[in-house]
Amino acid sequence: MAGEQRGSSEQLPRLRLDELLEELQVRIDAVRGTRDRLQGLLEAVLSVGRELDLPQVLRRIVETAVTLVDAEYGALGVIGAGRKLDEFLPVGINGQVQAQIGDLPSGHGLLGELIRHPEPLRLRELSEHPASSGFPAHHPPMHTFLGVPIRVREKVFGNLYLTEKRGGTEFDAEDLAVLSTLAVAAGVAIENARLYEEARLRERWLTAGAELTNALLSGTPEARVLELMVERALAITAADIGVVDLVVAESQELQEALALGEGAEVHQGQRIPRQGTLAGAALSDGGLVATEDVASDPRVTFAPERWKGMGPAVAVPMGTADGLRGVLVLARRTGRPSFRQAEIAPLPGFAGQAALALEMAGRRRDAEQISLLEDRDRIARDLHDLAIQRLFATGMTLQSAQRFVRHPEASERLTRAVDDLDTTIKIIRSTIFGLRAHDASTVGGPGLRGRVARTLEEAVAVLGFTPALRMEGLIDVDVPATVADDAVAVLSEALANITRHARASATDVSVVVRKGQLTLSVTDNGVGIGIGMEESGRRSGLRNIAERAEGLGGTLTTGSGPDGGTCLEWQVPLPGR
């Protein structure tokens, strides 16, 4: 008995020692596991922080979270406007199952609970939570749940959702601590990625603006530059359609000049009102306007069906200090994320730069046009004042020399030479008329130059000779259409009077724009204004010309020409000069 008691007493310390060793091993394993987990957390934080591309950062965060807490499924939801999920990045569900499930969550049920109350949430059975609304068809079963918010500068950016702890256990307090730590690191990484993305966006907008300026100043047509502007805006904002609406001068309408992208054909070449359109709202506000659903926006009452299938949209005016040129509208398909502030913040500057480039190109084009018109006017004036006069003088000399020529053949040759000179003078005058008529067409319409030239050409048949014409100044640029109409009417009346009463053989017409005044002079070598004044037709014609001058605040002066005949001078001020 004594030996048995001694053996039992020796076994007890050995058993206690085994138990202590086992407990020590468990604690060592736990410490080793905690160490490994902390090491994994540190590596995860460093890995997430190394990324700068925002989509990659978000994907890396949710993948790391699933690994750290040993979850089967995970997701990251990005909160957008209206406290709904703009983005939802799931992990653990393959593409086939995801396609069977259908649309990704938008923030209802238990997911919305974390949006409404951004606090950590740990559940043993998620179906037991009051906010749980069940799963759609084909969704894998889920029971355990762990969710934590991600904050960026104290503002909730989104939430991490983890479900189905592997091994059938539930998420513990350590899982929650690890995930909360990762969420803090994720907020820093997201902020860094956002700053990097904003810097890249600003750089892309600046590059696009410089490209537009270079294209316009290098002579690229405006239509192509507008197309380039929309192409760059679509690429930078990832929009699905871009429309440029140009302001119609002195009208409450807009002209849809260009549309690129999905459904662009609906917006091509249409006239739309300012009232009831997103473009009009941007003009009224004088800045950028945005909407979550352009088709149902209360500001869009004009033909909202034109935006069918489109959701988020933004419109920004294109203007300079001299006025608004148009509006750029960008839209995305329904269901796509809204335009983020970082994406569209540089858009007003880009649109303003594009409008400024268009303005600069327009002014450069006007300057080139004025230079071209002045050059043509100088050529025409030199042809008239130098070449024609010299040819005319040569012809007169040859004619006076004919009386000294006795040889019939030589006299005939002189006569042919004089006729050739007359023909040459007519050709040069026709060239002058052609130059000035072309001037009118190059400025976009029938300007005063071309109309005067045509009026003289039409009068040749009834006058029996070609009038001489002289023009000076920026006639098509400075003379408005209403004054031009009166000037042409005065010229027609003066030429008609010469045809009916003057019995003239030559007429000089001068149109001069100088020092804010238009002066139209018509001089003939006829019988003079005193003869035939009893004719009521001539008196009424002069009275009409005088009334036109008075109506424009100008004057009519009539008198004798330098070589007899009549000189009529019609002078009116030019508005705004």
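Look up a bit, the structure's there.
Residues numbered from 1 in each chain as written. Predicted model: local features only at pLDDT ≥ 70, side-chain atom pairs only at ≥ 80, totals over all residues. Heavy atoms only, no water.

It is not clear to me how the nonpolar core should be interpreted in this structure. Could you clarify?
Looking at soluble globular proteins, one finds that nonpolar side chains tend to be buried together. Ranked by size, the top nonpolar core spans 34 residues in total, and within it Leu448, Val479, Val511, Leu518 and Trp570 carry the most contacts. At the level of elements, helix H11 (448–463), strand S12 (468–472), helix H13 (481–502), strand S13 (507–514), strand S14 (517–524), helix H14 (536–551) and strand S16 (566–573) are the ones that each hand at least two residues to this core. Counting residues per element, this core draws most heavily on H13, which supplies ten residues. Residues contacting Val479, with those up to four places away along its chain left out, are Leu448, Leu474, Ala484, Val513, Leu518 and Leu574. (Core = buried A, V, L, I, M, F, W, Y, C linked by side-chain atoms within 4.5 Å. Buried < 20%, exposed > 50% of the residue type's maximum accessible area, 1.4 Å probe, protein only. Helix = DSSP H or I, 4+ residues; strand = E, 2+ residues; numbered from the N terminus. Contact = heavy atoms within 4.5 Å.)

Could you clarify how one ought to interpret the sheet that holds S14 in this entry?
As a general point, the strands of a sheet are linked pairwise by backbone hydrogen bonds and lie either parallel or antiparallel. In space, the five strands of this open sheet follow the order S12-S13-S14-S16-S15, with mixed pairing throughout. Only two strands of the sheet have a single neighbouring strand rather than two, namely S12 and strand S15 (555–560). Strand-to-strand twist of the sheet, defined as the mean angle between neighbouring strand axes without regard to direction, takes the value 10°. One ladder, built from eight bridges, connects S13 with S14; its direction is antiparallel. Within S14, the residue paired with Val509 across the bridge is Val522. Those strands touched by H13 are S13, S14 and S16, and its axis lies near 10° from that of S14. (Pairing = 2+ DSSP bridges. Axes fitted to C-alpha atoms, helices over the stretch in contact; angles between N-to-C directions.)

What am I meant to see in the pattern of salt bridges here?
Side chains bearing opposite charge may pair, as long as their charged atoms lie close to each other. One pass over the structure, following the stated rule, counts 20 salt bridges. Glu128 serves as the salt-bridge partner of Arg124, at 3.9 Å between the closest nitrogen and oxygen. Considered together, Arg124 and Glu128 belong to a single accessibility category, that of exposed residues. The closest approach of N and O atoms between Arg232 and Glu231, which form a salt bridge, is 3.9 Å. Look at Glu231 and you get partly exposed, because its relative accessible area is 27%. Residues joined in a network through salt bridges with shared partners are Glu211, Arg224, Glu227, Glu231 and Arg232. (Salt bridge = Lys/Arg side-chain N within 4 Å of Asp/Glu carboxyl O.)

Help me understand the environment of Ala303 in this model?
Tracing the chain through its elements places Ala303 in the loop between strand S9 (289–291) and strand S10 (310–320). Spatially, the C-alpha atom of Ala303 lies 8.6 Å from that of Gly276, the residues being 27 residues apart in sequence.

Looking at this structure, I do not really get H11. What am I missing?
Three- or four-residue spacings in an α-helix give side chains the same orientation, since the helix completes a turn every 3.6 residues. Counted at 1.5 Å a residue, the expected span for H11 with its 16 residues is 22 Å, and the 21 Å between its end C-alpha atoms agrees. Looking only at H11, the buried set comprises Leu448, Arg449, Gly450, Val452, Ala453, Thr455, Leu456, Ala459 and Leu463. Looking one or two residues past H11, Gly464 carries a phi angle of roughly 90°, positive in sign. (Expected span 1.5 Å × (residues − 1).)

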